[in-house]
Structure formats: structure tokens, C-alpha cells
4 protein chains.
Amino acid sequence: MYIETPSKKGWRSKIFKIIYHADTPAGKWFDIILIVFIILSVLTIILDSVNDLHLNYGDILKIAEWFFTLVFTLEYILRLVSIRRPMKYVFSFFGIVDILSILPTYLAYFFVGAQQLLVIRILRILRVFRVLKLVQYTHQAQLLTNSIKNSRHKIFVFFFFIFTVLIIFGSLMYLIEGPENGFTSIPHGIYWAVVTLTTVGYGDIAPHTVLGRMVASLIMLTGYSIIAVPTGIFTSELSREVQRNRDKSRVCKTCNLAGHTQAAVFCRRCGEALNVE
Amino acid sequence: MYIETPSKKGWRSKIFKIIYHADTPAGKWFDIILIVFIILSVLTIILDSVNDLHLNYGDILKIAEWFFTLVFTLEYILRLVSIRRPMKYVFSFFGIVDILSILPTYLAYFFVGAQQLLVIRILRILRVFRVLKLVQYTHQAQLLTNSIKNSRHKIFVFFFFIFTVLIIFGSLMYLIEGPENGFTSIPHGIYWAVVTLTTVGYGDIAPHTVLGRMVASLIMLTGYSIIAVPTGIFTSELSREVQRNRDKSRVCKTCNLAGHTQAAVFCRRCGEALNVE
Amino acid sequence: MYIETPSKKGWRSKIFKIIYHADTPAGKWFDIILIVFIILSVLTIILDSVNDLHLNYGDILKIAEWFFTLVFTLEYILRLVSIRRPMKYVFSFFGIVDILSILPTYLAYFFVGAQQLLVIRILRILRVFRVLKLVQYTHQAQLLTNSIKNSRHKIFVFFFFIFTVLIIFGSLMYLIEGPENGFTSIPHGIYWAVVTLTTVGYGDIAPHTVLGRMVASLIMLTGYSIIAVPTGIFTSELSREVQRNRDKSRVCKTCNLAGHTQAAVFCRRCGEALNVE
Amino acid sequence: MYIETPSKKGWRSKIFKIIYHADTPAGKWFDIILIVFIILSVLTIILDSVNDLHLNYGDILKIAEWFFTLVFTLEYILRLVSIRRPMKYVFSFFGIVDILSILPTYLAYFFVGAQQLLVIRILRILRVFRVLKLVQYTHQAQLLTNSIKNSRHKIFVFFFFIFTVLIIFGSLMYLIEGPENGFTSIPHGIYWAVVTLTTVGYGDIAPHTVLGRMVASLIMLTGYSIIAVPTGIFTSELSREVQRNRDKSRVCKTCNLAGHTQAAVFCRRCGEALNVE
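Computed from a predicted model, the values in this text were never measured in an experiment.

**Some thoughts on the overall build of chain A**
- Each helix and strand in chain A was counted, giving 12 helices and zero strands.
- Taken across its 277 residues, chain A has 46% of its residues classed as buried.
- When contacts within chain A are restricted to residue pairs at least 6 apart in sequence, those whose partners lie at least 24 apart make up 55%.
- Of the accessible surface of chain A, which amounts to about 14100 Å², a share of 68% is contributed by carbon and sulfur atoms.

Listed below in C-alpha cells is the structure:
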């Protein structure tokens, strides 16, 4: 997502660089502190949801919640004033997450239960991905997402097949087992089919008739073996992506001849030494 | 499946083109509308199976059911009259699914319970596959099905092995655990073996004796590790298929020499530039 | 397993060829009939273990059992008399399975309960593998077993690691959860660890303490991700095996030059046409 | 881990060689006996944790425990006196495991319950890995660990993604299902998400509301398909590692040219015969 820079001079420009860029020391520190604060604030919410901790340490957690709310409010205001077109930020995905993660604390003054919505703040953890993008692991994450992107058509075909299987088997089990065995409706049957095909197998709904168990065995074996398909798709795509990447890096710096084998030490055309990987 | 065209002139020929072909705008629209109708009709059946919805919205769902039945009846008649050899369609897989998906609504007038059979209509969702075949994703789906076809012999050997393991372990557990622990017969034992080997693990039948648990651990570890086999088979086959496909596309347009490496920019025989992928 | 032939002449030689070889029409028919009989006899035992069927069709199943016992006894005697060194057959794996699969029916006359041991006959299904070996699917099965053989050292290292993980986590959970939560002993803990690591998850034993659930989460994520290891080992080995196999088949028939690429049509040395795969 | 040798002469030097090296016959025997003793002592602890065995064979197991404690004490003293810088060993990982595995037996004289800590001795099984390292399987284990090391960045990105998914889905289910359906807190929800995403599926906590089951289906399908990611990462890395390894072994002994194809029989530069793998 490209975000326009404000006028080059003034304090707003400086803040903009710190908040939105990560190539200055100040920008890096800002990102690191932000990640720490996000993780701590998420932890606060997680701990507060535990009844025992809420009863005993409720006050401390309340203070922490207010502290993080104020910090994030400040961050939100700074993001707003430092950018040239604030509306673009406000209606971006992260802009919405950012405002939703601070509002509930304030709303709790006026509406009972608004507190509950604070859980939305957990979504802020996604910002860690954005920040990480700027620092390390870029290359590896890109390899993975590229491979997933390249295999999206195959994955789509696969999932379309899976959904058809789920609907047909779910309906079949509803007919075979019926409400008296826990398959009270077709959606229930489909839910059971998901639980079974993915090999999760809670056991809250399970077939009891002979025919039902035979069909269930069929869907289990199907689920067990077709897991090979997404794995195969992704593995083959990733191998290819890694290969392509490596091919790129085996280019002669002198004459630009590409496609040297991994074992090659010198360029096969001009004889210059290749950079060893 | 090759379906013969009717005489080239007249309205029947026009309808035939719309229904059975997809290369005209009208044919494409027919396919899209058909898919929408099939999905909506399947949704109607799924929702109607939920007791609450059946009680509250039963009338609307009934009307929807009749609407789709009439539309599909019309489609069936058009398919019948527009094709030159109707019997070939009637007794094809989709012909049977099509008639079975409209009959129950009519039969419900004469027989109580015929309504139940309407669930068969869900099978019509398979027609979406046929339609998709004509449009997009053809290539990707073909890659996948080719890979599965090529690995069918290996998969067969694998499943034969699995079945033998299931029968032997199922019988063994019947002997070890016996009816008092839920293993009331060998088929029950085999069902348990399927549930365990595929790592579904409902927990409705579980070993209780020490020996039984040791054998169960063995079958679990077997199931956990031999999942590598179908995955390996499919992955290796898919990689090869993708490779073969790519090799084909690296053919020199000038001299038809195939088999250029991915890094090649010029044909290694005639020196013409290759199309970059 | 190499089995010596008897003297070339006489009826024993003929029977030997039919029973032990599969390259004559009679030998092939013998194998096919044997497989059918084995599968039917296994089916008889499986059905007889179901209480309802035993009560209603016990007599028919009893007759079938006696029929198969007599047929298999005849087969055993023929195998014995037609081979030159009968003792080698008697003490081979299949020789022992063969005698154990007929004895229980006879023993049931003298000892109550000997009938139970008839389940051993199910092991005869393994003979189907031997027979299949002689006919079809040889090549594919060999590819798979070769790949498994080649990866056995890596698989061994993997399983050694798994066992260590199971013992350490099983003991840990015994300490953390204790007998009051179902972890009554370390073997129980190890059994639970197997059920969890393999992602079977019966739910008959499950952690209840906070620490126990954290450790359980760790072992689940471990099990979920290290399944990549056997899959990776087998896939890489199978790809290599398939590749090696294909390389062999791309040899020029004229000058014996090997290693032609898949896209090559003519030998790159002598120019003769290569056999297309 | 490099451990310094003591002065070359004297009995301490001899003991050092036996204990810390494995290239002499005595050193090999020491390692084998140590592994046997460790496995037997671990077995003693496992068996002693079973109530029935503790009550009936408690005395024998007690004697075995003391025997192993004394043997391991002797081993610990020998390790201590034979090495030049004992403190380095004492504070190494194995040094700590070694002392912790003998202390509890002695402490049980003074403190009630110290006996319980004996389970720590199970960790000594890890020493088997160290010993194995010196003998066989080195190469295979190294291939595996190298592949894991090389893919650690990708695996890290994957696990970071998994943790985010777990936290978000765990919180979501806590909001949707609430304490009345077993989701008493967010950590509980996250635990359930781990159990579900890894396809373990105990069934002790399971969704009951319609929305909850839809979200659960989503997380199941996610878990079912993203298992492809670590598998793909590891498989592609292992294939590459194996390939690289093989490339190394295809080096011409005469002119040192590397990178011959598998099919090559003669060096492509100097024409000398290559060693066939």
C-alpha cells in the first residue's frame, strides 16, 4: 500500500518518517516499541478474560488497559496528523482496526458491555506482520506467499472439490443416520463431514448405523489421502520458486550469462569467477 | 463425452448450442444462470432440513422448491428435444441425476415420503464441474487430474496395503479387547482401525487393555507416518507433470527445438529469441 | 525366496509348476482362484464375528468354514508333496501361516475355544501380496518399496527422535497432571503422548491443568509440523527413484549414450531416433 | 561441543579417551554399555510408575534403582576426574542432566518426596543421541538437521502466522461460544484452537452454536490445508540438500571438475571414468 508523503519540511514530516518508514534508527525503534506494546496489550486482554485473574488482578489489568488505550490513542492521532491524506488511512484496513482497538475503552463509560468489544484489539497483532515486512524475513515470507499465490488456481479447484464432497457426504449421512443419531439437519451433517474429512474427529457426533460407519470410513480414507493434493501443489510450487530464485542468483556478473549449474565455479562463457552462493 | 449435434437449422439447433455449448455469449449466460439456480436449489434443500427453518419458513421454501422443480423440468425438456439422440442423454450419468432431481417433488403428490428423496437434487451440484470445465481453470484441473491418473497404479498398491493393515489390525484388536471394551465384532474392529489409522480418532471406541493400547500406538504411528506415501506419490507426479508442461512451452518458435532450460534466452540451435514464460 | 524345483518329470512336477509358478495359464488360474478363496474365507470369519449374523446364519458360515478348511488342507498337502524340500516350506513364514489357518477348525473337536484361533486365517490375505507380485503392479510396488528401503536410515533417525519425544513428554505429563486427571502412570502418559502427537486425539485422556494444556499444545504443534519430516524424506527419495528410472529409459539404442533430456528426440551423439517414452 | 583433553599421560588420560572418545574399541564398548544402562534405568522408572508393578515388584525395582544410581555416580566421578576442566562439564547441559539423574535417590534419605524427581533421569536418554552421533547414522541425521536448519527462517514465518491465527480464532470463539459452552476464557479458546488446527480434536471442548461451528469448520479446513506449508518447506529443502550432496560426489577424481550429471560415465573435461555411485 502506497501512502503519500506530506510536505518535506516541519515536524509533521519528521513524525511521518518515524511512524510510516522503518529505514531510520528512530523509525526502527518506533516499530519495535509498537510491537512490544501491541503484544503486551493483547496479553492484558487474554489474561483479563481468565476469571480468577480478573477477580484478583482486575485493577492492575484495568490500569494497563487504560495505559495502552491512551498510548494507542496518541499513536492514532500522530498517524492522522502526520499523513497528507488522513482519510485514506482512516478507511484503510489497519486504520479501522486501529480505531476499533481504542474506542471500546471510551465507550464503556456510556454503554454497559462496550468493554466486551475490546477483544477486537487482538486484531492489532496483525500489524506485527506489516512491521516485520519492513525488517527481516522479507525474503522468506515472500517466497512462501509467492508459492501460495502461484498455486491459488490449483488450490481453488481443490477446495471446490472438497466443498462438493462435504455437501454430498453431509446430506448422505443425514439421510442414513438421521436425527436420532445426532445428524439433526444437513448443515449438521456437513459440519460432521468437515470434522471427519479434516481428521479432527471430536466425537461429539459419530455414526452409529452399519451403513453410516461404512460411509464414514470412506470419507475418512478420502480425507486421509487427499491431503496429499494441497501438499503436492504447494511443495511443487515452492521447489520451483526456490529453483527460479537460485537460477537468478547464478548469473555471471561480467557477461550476464544466466543459468549456471550449482556446481559451476567459473562462467562457462567468459570464464570469470561466479559468486558462490 | 461426445454428444451429437442435431440438424444445423431451426430453433432446436439454436437451443442445442445454448445448452450444450459454451462458446457463444448466450451459452455462457445459460451456464452461469444454471449454476446459480443449482446452488440456490441446493441451498433451499439444506435450509429446509433444519427443523427451525422448516417450521417458520416452510411455505417460502416450498414455493422455492416448486420454482426450481419447474425450471429444471423445463431445462430437462429442452435438453431432451434439442439433442438428436435423446436416449443417449437420458441414460447418461447427468441425465439420470437431472431426472432424479425433479421427480421427487411430483411423486410427493402420490406417495408420502417421496419428498425425502429430493435430497438427491444435491447431486446436481456436480454439474458445476462440467460447466467449469468449459470456462476457466481447465488447465489447472487437468494438471491435477493428470497427476492423479498417472499415480493411480502406485495409489492402488498403497490402498491395497492399507486395507490389509486395517483387516489384520481390526481382527487383532477384536481378539485383544473383545466385546466388553466396545470391539463387539471384527467389522467394528476394522471401523475402529480406520478411525485410528486416518488419525480421526472419535473416541467412541478406544482401547482399554495394556496390550490393546500398545497395538493401538503401533497403528497410530503407522498411520501418522505412511501418510507420507500418498503425499510423496502425488507430489513427485505433479512436479513431473508441471515440469513436462513447462518443457513443452520452452519450444523455439523458429526451428521447433524443444527442451531449452528455464534460464535460456535464445534458442541453442538457431539463435532466435525464445518467448519468455 | 527361492524355492527349489522337484525332479522335472511326473505329476509332482506339474503340480509344482501350477502352484509355485505363475507363468503358465494353469498357474495363473490357480493364483486367481486362490485369491478368491482366501478373500471369501476371510469374509466368512469377519461376518461370523458379528453376533446377529452368527445367530441367524451360523450354520451356513460353519459349512463355509469347513469347505475352506478342506480346500486349504488340500492346497497345503499339494504344496508339501510337490516341492523337493518340504521342510523349507513348512518353516517359511507362509508355511506357518498356511498351517495355522487350517489347524483351528480341526482342533475345535478336541479343545473348546480353539475355534477362536481361526481368526489367524485372516493373515492368509498376505499371500495376495505374493501372488500380485507375480502378476501386475510389480514395477510400481517396487518403486515404492525401493524408496522406502532407501530412506530407511533417515526414517530410523526420525523414529528414534519421536520415541525420545514421546517418553520425555509422557513422563512430563505424568508429573504435571498426575493420576487424578487420568495420567495414572508413565506408560499411560506415553500412550496419551502417542495419541496426541499423531493427532489422533481420542479424548479419553486429556489434560485439565493449565500447565498440562500448555505442554499438550506444544506436543500437538510438534506432531503437526514434524509430519513434514517423513513426508519430505519419502517424497525426495521417490522423486529421485522415479528420475533414476526415467534416466535409464532415455538411453540411445544405437550408441548406448545415456542421460538424454525428456525433450530430446534424437541421440545427441549419433543422431539416431530415441524411443519416445 | 569441544572438550579439552587432559595431559597425555597417566590413567586419567586413558579414562578420558574411553569416556569422551569413541574411536577406540574400549570407547565403543563404553558407549554401548552406557546406552544399555540408560535404557534399562529409564525402563525401571517407567515400570515403577505403574501402581500394580510398584506394589508387587517394588523391592526389585528399588534395588535396580540403587544399582543404576551407583553406576551413574561412578560414571559421573570418572567424567569429573578425567577431564582437565571439570567445571566446564559440570555446567554443560549433559553435566546438569547427569547430576540431576543421580541426586534424587540420595536426597530421598533426607527429604520425603525427593524420590519423585527421579523421573528426571529419563532425560538421560538424550545422551543416546550424543553417542549415536559418534557411530552410525551421522550422515543421515546431518542431512535432516541441515535441512531443518536451512528452512528455519521459513518455518519461523510459518509459526508466527500460526500463532496469530490461533490467538485471533481463540478470542473469536470465546466471544461466540462463551463460558456456557466450555470456552471459559481466551486461553481456553486458544487451547481449543490448537487442538482443532492441529486436527487432534479431543472433543473435551467443542462448539455448540451455529456460528461457532461455522468458524470451527473454517479453522479445521485451514489447519487441514496449511499442513502443506511446513511439509513443502522441508521437502523442497531436503531435496535440495540431497541434490547438493550428490553433486559433490560426482566430482572427477582426475581433474576435480564437479557437477557431472547422474547419467555421465566419463568426465566431460578430461575424459577419465567417473566413479559410479
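**Considerations on the packing of helix H9 (residues 152-177) of chain B against helix H10 (residues 186-197) of chain B**
Residues and elements named next belong to chain B.
- With their axes 7 Å apart at the nearest point, H9 and H10 run at an angle of 120 degrees to one another. Between H9 and H10, the angle is such that the two are oblique. Classified by chirality, the crossing of H10 by H9 is right-handed. Listed contacts from H10 to Ile162, Val165, Leu166, Ile167, Gly170, Ser171, Met173 and Tyr174 of H9 are Ile186, Gly189, Ile190, Trp192, Ala193, Val194 and Leu197.

**Looking at a nonpolar patch on the surface**
All names here are of chain A.
- On the surface, a nonpolar cluster with roughly 640 Å² of combined accessible area is contributed by Trp29, Ile32, Ile33, Val36, Leu40, Leu43 and Leu47.
- As for its placement among the helices and strands, isoleucine 32 is situated in helix H2 (residues 25-48).
- Given a relative accessible area of 45%, isoleucine 32 falls into the partly exposed group.

**Quick notes on the domain arrangement of chain A**
- According to the domain assignment, chain A consists of domain 1 (11-132) and domain 2 (149-229).
- Spacing between the C-alpha centres of domain 1 of chain A and domain 2 of chain A amounts to 41 Å.

**Observations concerning helix H5 (residues 93-100) of chain C**
- Of the residues making up H5 of chain C, those classed as buried are Phe94, Gly95, Val97 and Asp98 of chain C. Down the axis, H5 of chain C shows its buried residues gathered within 165 degrees of arc, on one side only.

**Some points on the relation of the copies chain A and chain B**
- Rotating chain A by 90 degrees and translating it 0.0 Å along the rotation axis places it on chain B, where the RMSD comes to 0.1 Å. In the structure described here, the two chain copies are related by an operation that fits a four-fold rotation axis.
- The two copies present different faces, since only 18% of the interface residues in chain A are matched by interface residues at the equivalent positions in chain B.

**Digging into the interface of chain C and chain B**
- Listed per partner, the contact involves 48 residues of chain C and 44 residues of chain B.
- Here chain C meets chain B over a buried area of about 4100 Å², counting both sides, of which 76% is carbon and sulfur.
- Remark: the boundary between chain C and chain B carries zero salt bridges.
- Put simply, the parts of the chain that give the side of chain C that touches chain B at least two residues each are helix H2 (25-48), helix H7 (126-134), helix H8 (138-150), helix H9 (152-177), helix H10 (186-197), helix H11 (210-226) and helix H12 (228-249) of chain C.

**So, the packing of aromatic side chains**
- One pass over the structure, following the stated rule, counts 40 aromatic pairs over all chains.
- With centroids separated by 5.4 Å and ring planes inclined at 70 degrees, the aromatic side chains of phenylalanine 183 of chain A and tryptophan 192 of chain A adopt a geometry described as edge-to-face.
- Among the residues examined, phenylalanine 183 of chain A registers a relative accessible area of 0% and is labelled buried.
- Taking NZ or CZ as reference, arginine 124 of chain C lies 4.5 Å from the ring centre of phenylalanine 72 of chain C, over its face.

**Concerning the pattern of salt bridges**
- This model, assessed by the stated rule, comprises 24 salt bridges over all chains.
- Here arginine 79 of chain A ties to glutamate 75 of chain A by a salt bridge, and the two come within 2.7 Å at their closest N and O atoms. Of this pair, arginine 79 of chain A and glutamate 75 of chain A both sit in helix H3 (residues 51-82), four residues apart, roughly one helical turn.
- Among the residues examined, glutamate 75 of chain A registers a relative accessible area of 7% and is labelled buried.
- Between glutamate 237 of chain B and lysine 154 of chain B there is a salt bridge, with the nearest N and O atoms lying 3.7 Å from each other. Linking glutamate 237 of chain B in helix H12 (residues 228-249) with lysine 154 of chain B in helix H9, this pair joins segments that are 83 residues apart in sequence. Summarising the burial analysis for this pair, glutamate 237 of chain B and lysine 154 of chain B share the class buried.
- Here the salt bridges share partners, and the residues they tie into one network are Glu75, Arg79, Asp98 and Arg124 of chain A.

**As for the interface of chain A and chain B**
- On the chain B side, the residues contacting the 45 residues of chain A number 49 residues.
- Surface buried jointly by chain A and chain B totals about 4000 Å² across both partners, of which 76% is contributed by carbon and sulfur atoms.
- Summed over the shared surface of chain A and chain B, the result is six residue pairs in polar contact (both at pLDDT 80 or more).
- When residues of the side of chain A that touches chain B are traced back to their parent elements, those giving at least two are helix H9 (152-177), helix H10 (186-197), helix H11 (210-226) and helix H12 (228-249) of chain A.
- At 12 residues, H9 of chain A tops the list of elements feeding residues into the side of chain A that touches chain B.

**Details of unusual backbone geometry**
- Here threonine 199 of chain A, not a glycine, exhibits a phi torsion of approximately 60 degrees, which is positive.
- Structurally, threonine 199 of chain A can be placed in the loop between H10 and H11.

**A few points about the confidence of the model for chain A**
- Averaged over all residues, the pLDDT of chain A is 81; the fraction at 70 or higher stands at 80%.
- Among the prediction metrics, the complex's ipTM stands at 0.80, with pTM recorded as 0.83.

**Brief notes about the relation of the copies chain C and chain B**
- Overlaying chain C with chain B gives an RMSD of 0.0 Å, the required rotation being 90 degrees about an axis along which the chain moves by 0.0 Å.
- The fraction of interface residues of chain C whose copies in chain B are also interface residues is only 17%, indicating that the copies meet through different surfaces.

**Digging into empty space enclosed by the protein**
- By the definition in use, this model includes nine cavities of 30 Å³ or more.
- Forming the walls of the largest cavity are 22 residues, and the residues nearest its centre are Ile227 of chain A, Ile227 of chain B, Ile227 of chain C together with Thr199 and Ile227 of chain D.
- For the lining of the largest cavity, the secondary-structure elements that each account for two or more residues are H11 of chain A, helix H11 (210-226) of chain B, H11 of chain C together with helix H11 (210-226) of chain D.
- Residues that form the lining of the largest cavity fall into these classes: eight nonpolar, 14 polar and no charged.

**As for the nonpolar core**
- Grouped together as the largest cluster of nonpolar side chains are 250 residues, with contacts concentrated most on Ile122 and Trp192 of chain A, Trp192 of chain B, Trp192 of chain C together with Ile122 and Trp192 of chain D.
- Here this core gets 12 residues from one element, more than from any other, and that element is H9 of chain C.
- The contacts of isoleucine 122 of chain A, once residues within four sequence positions are left out, are Val42, Ile45 and Ile46 of chain A together with Ile167, Ile168, Ser171 and Ile186 of chain D.

**Description of helix H3 (residues 51-82) of chain C**
Residues and elements named next belong to chain C.
- Helix length check: H3, at 32 residues, gives a terminal C-alpha distance of 41 Å against a target of 46 Å (1.5 Å per residue), a shortfall beyond 12%.
- Bending of H3 peaks at approximately 85 degrees at the position of tyrosine 57.
- Among all positions of H3, only Gly58, Leu61, Glu65, Phe68, Thr69, Phe72, Thr73, Glu75, Tyr76, Arg79 and Ser82 are buried.

**Quick word on the environment of leucine 100 of chain D**
- If you trace the backbone, leucine 100 of chain D turns up in helix H5 (residues 93-100).
- As for leucine 100 of chain D and arginine 12 of chain D, which are separated by 88 residues in sequence, their C-alpha atoms are 24 Å apart.

**A word on the packing of H2 of chain C against H3 of chain C**
Residues and elements named next belong to chain C.
- Two elements in contact, H2 and H3, have axes separated by 9 Å at closest approach and are oriented at 145 degrees. Regarding H2 and H3, the two cross each other, and that crossing is left-handed. Of the residues in H3, those touching H2 at Phe30, Leu34, Phe37, Ile38, Leu40, Ser41, Thr44, Leu47 and Asp48 are Leu53, His54, Leu61, Ala64, Glu65, Phe67, Phe68, Val71, Phe72, Glu75 and Arg79.
- Along the lines of polarity and charge, the residues of the contact of H2 with H3 split into 13 nonpolar, three polar and four charged.

**Considerations on the environment of threonine 145 of chain C**
All names here are of chain C.
- When you line up the elements, threonine 145 lands in helix H8.
- Using a relative accessible area of 41% as the deciding quantity, one classes threonine 145 as partly exposed.
- Sequence spacing of threonine 145 and leucine 238 is 93 residues, and the spatial spacing of their C-alpha atoms is 9.6 Å.

**Quick notes on the environment of valine 42 of chain B**
- As for its position among the elements, valine 42 of chain B is in helix H2 (residues 25-48).
- Taking the relative accessible area as the measure of exposure, valine 42 of chain B reaches 2% and is therefore buried.
- Sequence spacing of valine 42 of chain B and threonine 73 of chain B is 31 residues, and the spatial spacing of their C-alpha atoms is 16 Å.
- Ignoring sequence-local partners within four residues, the contact set of valine 42 of chain B consists of Ile167 of chain A together with Arg121, Ile122 and Ile125 of chain B.

What counts, and where the lines are drawn
- Residues numbered from 1 in each chain as written.
- Chains lettered and ligands numbered in written order.
- Predicted model: local features only at pLDDT ≥ 70, side-chain atom pairs only at ≥ 80, totals over all residues.
- Heavy atoms only, no water.
- Helix = DSSP H or I, 4+ residues; strand = E, 2+ residues; numbered from the N terminus.
- Buried < 20%, exposed > 50% of the residue type's maximum accessible area, 1.4 Å probe, protein only.
- Contact = heavy atoms within 4.5 Å.
- Areas by Shrake-Rupley, 256 points an atom, 1.4 Å probe, with all protein chains shown as cover.
- Axes fitted to C-alpha atoms, helices over the stretch in contact; angles between N-to-C directions.
- Parallel < 35°, antiparallel > 145°, perpendicular 65-115°, else oblique.
- Left-handed = near helix turned anticlockwise from the far one by under 90°.
- Patch = residues over 30% accessible without salt bridge, like charges linked within 9 Å, V, L, I, M, F, W, Y side chains within 5 Å.
- Salt bridge = Lys/Arg side-chain N within 4 Å of Asp/Glu carboxyl O.
- Domains from an automatic or database assignment.
- Arc of directions from axis to C-beta.
- Least-squares fit on C-alpha atoms with pLDDT ≥ 70 in both.
- Buried area = accessible area lost by both parts, 1.4 Å probe.
- Phe/Tyr/Trp six-rings, centres within 6.5 Å; stacked < 30°, edge-to-face > 60°.
- Lys NZ or Arg CZ within 6 Å of the ring centre and 35° of its normal.
- Polar contact = N/O pair within 3.5 Å; in protein donor to acceptor, adjacent residues only side chain to side chain.
- pLDDT = per-residue confidence, 0-100.
- 1 Å grid on protein atoms, 1.4 Å probe; cavity = no way out; pocket = protein on both sides within 12 Å on 5 of 7 lines; lining within 4 Å.
- Points joined across faces, edges and corners; volume = space filled by probe spheres on them.
- Nonpolar A, V, L, I, M, F, W, Y, C, P; charged D, E, K, R; others polar.
- Core = buried A, V, L, I, M, F, W, Y, C linked by side-chain atoms within 4.5 Å.
- Expected span 1.5 Å × (residues − 1).
- Bend = angle between axes of the 7 residues up to and from the residue.

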